[in-house]
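# What the coordinates show
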Amino acid sequence: YLGNLLKEETGKTFLELVQMQRMVRASVLLKNSKKNIDEIALEVGYDSTSFFHRKFKQYFGCTPSQFRKKPREDKNTLNTLL
């Protein structure tokens, strides 16, 4: 019941919302910390770094290292991804 209600209210499944939160957190850590990508993957809940890379690239269209090297974007750009 809760899953259906969540989908109805947000347009996303519970797992999609969890993954979105992981990606947002990973993007913040990539831009604002010196942690390496393996540490970030573990911190946001991915045991497999290669799986994290694949999911990150699907979500943002670039690898975590490419994302880290990009110039900072304003808050509105990140909000459009949410």
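Presented here is an overview of the structure given in this document. (Residues numbered from 1 in each chain as written. Predicted model: local features only at pLDDT ≥ 70, side-chain atom pairs only at ≥ 80, totals over all residues. Heavy atoms only, no water.)

## Section: helix H2 (residues 14-32)
Every α-helix winds through 3.6 residues per turn, so residues three or four apart in the chain are directed the same way. As a reminder of what qualifies: Numbering of helices and strands runs from the N terminus; a helix is a DSSP stretch of H or I covering at least four residues, while a strand is a stretch of E covering at least two. Expected helix span is taken as 1.5 Å per residue step, with the number of steps being one fewer than the number of residues. Each residue's exposure class comes from its accessible area (1.4 Å probe, protein chains only) as a fraction of the maximum for that residue type: buried when under 20%, exposed when over 50%, partly exposed otherwise.
Look at H2: 27 Å from first C-alpha to last across 19 residues, which is about the 27 Å you get at 1.5 Å a residue. Among the residues of H2, Leu17, Met20, Met23, Val24, Ala26, Ser27, Leu29, Leu30 and Lys31 are the ones counted as buried.

## Here's the deal with the nonpolar core
We apply this condition: Take the buried residues of types Ala, Val, Leu, Ile, Met, Phe, Trp, Tyr and Cys, join any two whose side-chain atoms come within 4.5 Å, and each joined set is a nonpolar core. The criterion used for residue contact is that any of the two residues' heavy atoms lie within 4.5 Å.
Grouped together as the largest cluster of nonpolar side chains are 14 residues, with contacts concentrated most on Phe52 and Phe56. Those elements that place two or more of their residues in this core are H2, helix H3 (37-43) and helix H4 (49-60). With four residues, H2 is the largest single contributor of residues to this core. Here phenylalanine 56 is in contact with Met23, Ala26, Ser27, Leu30, Gly61, Cys62, Thr63, Pro64 and Phe67, once residues within four sequence places are set aside.

## A word on the packing of aromatic side chains
This is how the line gets drawn: Working definition: rings of Phe, Tyr and Trp (its six-membered ring) pair if their centres are within 6.5 Å, and the pair is stacked with planes under 30 degrees apart, edge-to-face with planes over 60 apart, and tilted otherwise. Definition used: whenever NZ (Lys) or CZ (Arg) falls within 6 Å of the ring centre and also within 35 degrees of the ring normal, the charge is taken to sit over that ring.
Under the definition given, this model contains seven aromatic pairs. For the pair phenylalanine 56 and phenylalanine 60, a centre-to-centre distance of 4.6 Å together with 35° between the ring planes defines the contact as tilted. A residue pair is termed a helical-turn pair when its members lie 3 or 4 positions apart in one helix, as phenylalanine 56 and phenylalanine 60 do in helix H4 at four residues. The pair phenylalanine 56 / phenylalanine 60 is uniform in exposure class, with both members buried. Judged by centre distance (5.4 Å) and plane angle (80°), the rings of phenylalanine 56 and phenylalanine 67 are edge-to-face. Of this pair, phenylalanine 56 sits in helix H4 while phenylalanine 67 sits in helix H5 (residues 64-69), and the two are eleven residues apart along the sequence. One aromatic cluster in this structure is built from Tyr46, Phe51, Phe52, Phe56, Tyr59, Phe60 and Phe67. Between the NZ or CZ atom of arginine 22 and the centre of the ring of tyrosine 46, over which it lies, the distance is 4.9 Å. Its end group placed over the ring of phenylalanine 67, lysine 31 keeps NZ or CZ at 5.0 Å from the ring centre.

## Structural notes on the environment of proline 71
Examined against the element boundaries, proline 71 turns out to sit in the loop between H5 and helix H6 (75-81). On the basis of relative accessibility, which here comes to 65%, the residue proline 71 falls in the exposed class. In the structure, proline 71 is positioned 40 residues away from lysine 31 in sequence and 9.2 Å away in space, judged by C-alpha atoms.

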